[in-house]
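So the chains spell out like this:
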Amino acid sequence: YLLNPFRLQQLGLYELGEKLVHTFRLNEIHGQSPYIYRLLDILLDFSTKQSNHLSEFMDYWERKKENLCITTPKDAPAVIVTSVHKSKGLEYPVVIV
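Per chain, residues are indexed from 1 in the order of the written sequence. For this predicted model, a pLDDT threshold of at least 70 governs which residues receive local features, and a threshold of 80 or more governs which side-chain atom pairs are given and counted, while totals over whole chains, interfaces and linings are taken from all residues. Only hydrogens and water are set aside; all other atoms, that is, all heavy atoms of the structure, feed into the side-chain values.

## Comments concerning the packing of helix H2 (residues 13-24) against helix H3 (residues 33-49)
- Where helices are involved, their axes are fitted lines through C-alpha atoms of the stretch in contact, as for all axes, and angles between N-to-C directions lie from 0 to 180°. A run of DSSP states H or I qualifies as a helix once it reaches four residues; a run of E qualifies as a strand once it reaches two. Both are numbered from the N-terminal end. In contact at an axis separation of 8 Å, H2 and H3 are set at 160 degrees when each is read in the N-to-C sense. Relative to H3, the element H2 is oriented roughly antiparallel. The residues of H3 that touch H2, namely those facing Leu 13, Tyr 14, Gly 17, Glu 18 and Val 21, are Ile 36, Leu 40, Leu 43, Leu 44, Phe 46 and Ser 47. For this classification, under 35 degrees means roughly parallel, over 145 means roughly antiparallel, 65 to 115 means roughly perpendicular, and everything else is oblique. Two residues form a contact once any of their heavy atoms are found within 4.5 Å.

And the structure:
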């Protein structure tokens, strides 16, 4: 892989993410595109609202990684796992208890 460490250090967070995705062809891995694009969204959001430093983003990621997730369309076929309390009043075509 043609990566220049000095050049990589000069890139902002989002540009670094794009460069790594492109270089390693991460967006070409079957079924992983939504996760890659979500990561790029998180990088862009963090770099514009908080900081453009990689070390600060890594600290942020360690604190928030459990809560960061991709969003799926409501009409997409999916399994929704929820508590009885939270599901009160919601209608589902199929319920498994």
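Having seen the model, we can carry on.
## Quick notes on the nonpolar core
- In this structure, Leu 13, Val 21, Ile 36, Leu 40, Ile 42, Leu 43, Phe 46, Phe 57 and Tyr 60 together form the largest nonpolar core, which totals 9 residues.
- Mapped onto this core, the elements with two or more residues apiece are H2, H3 and helix H4 (54-64).
- Considering each element in turn, this core owes the most residues, 5 residues, to H3. The term nonpolar core refers to a set of buried residues drawn from Ala, Val, Leu, Ile, Met, Phe, Trp, Tyr and Cys, joined through side-chain atoms within 4.5 Å. Here's how the labels work: a residue is buried when its accessible area is under 20% of the maximum for its type, exposed when over 50%, partly exposed in between, all with a 1.4 Å probe on protein chains only.

## Here's the deal with the packing of aromatic side chains
- Each Phe, Tyr or Trp ring (for Trp, its six-membered ring) is paired with any other whose centre lies within 6.5 Å, and the angle between the two planes then decides the class: stacked below 30 degrees, edge-to-face above 60, tilted in between. In this structure the tally under the stated criterion is 5 aromatic pairs.
- Taking 5.4 Å as the distance between ring centres and 70 degrees as the angle between the ring planes, the aromatic pair formed by Phe 46 and Phe 57 counts as edge-to-face. Here Phe 46 is found in helix H3, whereas its partner Phe 57 is found in helix H4, with 11 residues between them in sequence.
- On the basis of relative accessible area, Phe 57 is assigned to the buried category, the value being 4%.

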